[in-house]
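Take a look at the letters that make up each chain.
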Amino acid sequence: MMHHTPNVAEAQQLAERMKASGECNWFRGQTRNWPVLSSLSRRDEAQHAEACDRMAAFDHWVDRNPDVRSMIRTRDDRIAVAQHYALPTNFVDFTTEPAVAAFFACHEPPLEWSSSDLSCIICVNTDDLRDVWETVRNAGVEIPPFEEIRVDVPELWRLQAQRGIFLYFPFDEGFERHVYDFDRICFPSPQPPAGCSVSIPEEDIYPTQQSQLEISLDQFFMLERLTEGHQAFEQMLSDGRLRKITKPSLPDGLDPDVFGPLGLPEHESWSPAALSGWSTPAPEAFVPISTAPELEVFVQADAMPNERRLRLAESLTQQIAGTTGCRAGPVRWHLSGEDFKEGSGRVSEAMSLTWDGLRRLPFGDDDLAHALAMAATFALAVHDDPQARSDPELAGRLAAVCLGASSVFETEIGMLDGSYTRGWAAADELAAAVRDDFPSFLNAEFRSRIDSIWTILQVSTVPRRTFVFERLATVFARQIVPTQIVARGPATGKARLYNPVQAMSLGRP
């Protein structure tokens, strides 16, 4: 049945009444009155094959990551995650909340518009749909089984925020024409750029905070980009447009000529007993950012960057300690004391990513505060000099100014799945994190030559062997984490690392 209302507010109200009466229990918002189709059904044959390849790659990545595999436990879990992160599947998104459907009926409409365009909320009674399905099957028609997909994926906050469920729907437009006619509440599509007035803020539908699962997913999307780049590189090699120069790698992360017969054993501070608190944090349920506590970010405009950072770190340490339970969920940042202008979004984003990545790990409040202060200070510096996003040398100079360091060291940190990240640390502080007995493992002729962080990380790139964990963790949180966040920006396809235990290698880019 087709219902018509003059606007989205009345469409939502009608859907709410249909839910309350039991007439419908699932809802789906569409910016146009399109047929119900899965993202996979909309692909042609070549695109379908590509989507299957992507899903196979995603499966392989999950299987190789025990922490991710513990959260994505079933086949339906995997497809649900893929669906929420734009991998084509045969799932169609629905929600149990009409307000969420109303949001999607207005969110990101097509740029093309005419006065006859209609947006809609699709309404379903799943008992009725199942009855129709069974009637068709009993008539001897071969049709895939009816499947309502309800999953509970820890840390898939988008699904929780959207009260999401899925319908397995491997059909084309003929299903609606010949089998089942979905109820629709239609209303005139607003003309761009005007939007609809909806009752849920966007950040409560698409959470701005990142869960541990979503942090890990960035690694998968980075690996996808690396694979695409490698394929393009190989094509240019075969075409003769490039000449391959191979950079020698260190076997097992160590230069065997430099170390004595003992090599360089793992430092005792990295033992499983010492790191028992650094395993993957327990899953958290989604908390809307609109309900989160607010912390003050006061940046003194006339202070030097390093002074700004230290003052802000002191303030944030006090606020975190004084706000009961704030590390148990998201926070909002109230920026003041600086004319942030367009840079406010960059600062808030950098601080939120820092908060999300570090707050559940066993860092002290002071480490977390210093990380947040560096994220804010560095984000402002890069905003004022945006070329730093594509110029590592300039980014390093800005990081040095923000840290008050005479020199900084750009690090590349490799992870278990082959993804990596890059950040900066003050050279002297990173050097101070090296184990005290490092020289004793060197062959005698190298002890006077391997005497700086630059030379140390040329011959040993395994953090567990090179550094004292507690010392590295402090530098990691306060310097490497915030600089990698700002320098790598908000774009998907770039991994970030927050837990130093997960660093498989650490060296020069």
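Note: the structure precedes this text.
Attention in this report is confined to the structure presented alongside it. Since the model is a prediction, treat every value here as computed from it, not as a measurement.

**Let's talk about the side chain of S119**
Here's step 1: Following the sequence through the fold, S119 ends up in strand β4 (residues 118-124).
Here's step 2: On the basis of relative accessible area, S119 is assigned to the buried category, the value being 1%.
Here's step 3: From its side chain, S119 meets the backbone oxygen of T31 in a polar contact 2.7 Å long.
Here's step 4: Leave out the neighbours within four places in its chain, and S119 touches Q30, T31, R32, A105, I185, C186, F187 and S189.

**Some remarks on the pattern of salt bridges**
Here's step 1: Going through the model one piece at a time under the given rule, you end up with 24 salt bridges.
Here's step 2: Between R465 and D252 there is a salt bridge; the shortest N-O distance is 3.0 Å. With R465 in helix α16 (residues 463-466) and D252 in the loop between α9 (212-238) and β8 (294-298), this pair connects stretches of sequence that are 213 residues apart.
Here's step 3: Taking the shortest distance from any N to any O, the salt bridge between R359 and E284 comes out at 2.7 Å. On the criterion of sequence distance, the pair formed by R359 in the loop between α11 (343-358) and α12 (365-384) and E284 in the loop between α9 and β8 is long-range, its members being 75 residues apart.
Here's step 4: Through salt bridges with shared partners, a single network forms among D59, D63, R75 and R78.

**Some remarks on the sheet that holds strand β10 (residues 408-414)**
Here's step 1: Ordered in space as β11-β10-β12, the 3 strands form an open sheet in which the pairing is antiparallel. Here the strands that pair on one side only, and so sit at the sheet edges, are β11 (420-426) and β12 (505-507). For this sheet, the mean inter-axis angle between neighbouring strands, taken without regard to orientation, is 25°.
Here's step 2: Pairing analysis gives 3 bridges linking β10 to β12, with the strands arranged antiparallel. Paired with I413 across the two strands is L506, which belongs to β12.
Here's step 3: Most of the contacts of helix α17 (residues 469-488) go to β11, to which it runs at about 120°, and overall it touches β10, β11 and β12.

**Quick look at the packing of α12 against α17**
Here's step 1: At a minimum axis separation of 8 Å, α12 and α17 run at an interaxial angle of 30°. Viewed along their axes, α12 and α17 adopt a mutual orientation that is roughly parallel. Once α12 is placed against α17, the crossing between them reads as right-handed. Each of D366, D367, H370, A371, M374, A375, F378, A379 and V382 in α12 lies in contact with α17, whose residues at this interface are T474, A477, R478, P482, T483, V486 and A487.
Here's step 2: Class assignment of the residues belonging to the contact of α12 with α17 gives a composition of 10 nonpolar, 3 polar and 3 charged.

**Some words on helix α10 (residues 305-322)**
Here's step 1: Here α10 is 18 residues long and its end C-alpha atoms lie 26 Å apart, about the 26 Å a rise of 1.5 Å per residue gives.
Here's step 2: For α10, every residue scored as buried is listed here: R308, R309, L312, A313, L316, Q319 and I320. Buried residues along α10 cover an arc of 135° about the axis, so they all sit on one side. Exposed residues pointing more than 90 degrees away from the buried face of α10 are listed as E314, Q318, A321 and G322.

**Regarding the nonpolar core**
Here's step 1: F259, W333, F378, L430, F438 and F467 are the most contacted members of the largest nonpolar core, which has 88 residues in total.
Here's step 2: Here this core gets 13 residues from one element, more than from any other, and that element is α12.
Here's step 3: In this structure, F438 is in contact with F259, L264, I450, I456, V459, S460 and T466, ignoring residues within four places of it in sequence.
Here's step 4: Formed by 25 residues, the second largest nonpolar core is a distinct cluster that contains V62, I79, V81 and I149.

**Side note on the state of the cysteines**
Here's step 1: In the structure shown here, the tally under the stated rule is 0 disulfides.
Here's step 2: C24 carries a free sulfur, and the closest cysteine sulfur to it, the one in C123, is 4.9 Å from it.
Here's step 3: By relative accessible area, which is 3% here, C24 ends up buried.
Here's step 4: Left unpaired, C120 is separated from the closest cysteine sulfur, that of C186, by 5.1 Å.
Here's step 5: Since its relative accessible area comes to 0%, C120 is described here as buried.

**Some points on the packing of helix α2 (residues 45-63) against helix α4 (residues 75-84)**
Here's step 1: Following both chains from N to C, one finds α2 and α4 inclined at 120°, their axes separated by 11 Å at the closest point. In this view, α2 runs oblique relative to α4, as classed from their interaxial angle. In this structure, α2 meets α4 at a crossing whose hand is right-handed. Counted together, M55, F58, D59, V62 and D63 of α2 and R75, R78, I79, V81 and A82 of α4 form the full contact between these two elements.

**Overview of the environment of L295**
Here's step 1: Among the secondary structure elements, L295 is positioned in strand β8.
Here's step 2: It is 37 Å that separates the C-alpha atoms of L295 and R435, two residues lying 140 residues apart in sequence.

**Regarding the pairing of strand β6 (residues 164-168)**
Here's step 1: Summarising burial for β6: 4 of the 5 residues are buried, a large majority.
Here's step 2: In the sheet, strand β3 (residues 91-95) pairs with β6 via 5 bridges, with the strands oriented antiparallel. Looking across to β6, one finds that V92 is bridged to L167.
Here's step 3: In terms of strand pairing, strand β5 (residues 148-149) meets β6 through 2 bridges, oriented antiparallel. Opposite I149, over in β6, you have F166 as the bridge partner.

Cut-offs and rules
Residues numbered from 1 in each chain as written. Predicted model: local features only at pLDDT ≥ 70, side-chain atom pairs only at ≥ 80, totals over all residues. Heavy atoms only, no water. Helix = DSSP H or I, 4+ residues; strand = E, 2+ residues; numbered from the N terminus. Buried < 20%, exposed > 50% of the residue type's maximum accessible area, 1.4 Å probe, protein only. Polar contact = N/O pair within 3.5 Å; in protein donor to acceptor, adjacent residues only side chain to side chain. Contact = heavy atoms within 4.5 Å. Salt bridge = Lys/Arg side-chain N within 4 Å of Asp/Glu carboxyl O. Pairing = 2+ DSSP bridges. Axes fitted to C-alpha atoms, helices over the stretch in contact; angles between N-to-C directions. Parallel < 35°, antiparallel > 145°, perpendicular 65-115°, else oblique. Left-handed = near helix turned anticlockwise from the far one by under 90°. Nonpolar A, V, L, I, M, F, W, Y, C, P; charged D, E, K, R; others polar. Expected span 1.5 Å × (residues − 1). Arc of directions from axis to C-beta. Core = buried A, V, L, I, M, F, W, Y, C linked by side-chain atoms within 4.5 Å. Disulfide = S-S within 2.5 Å.

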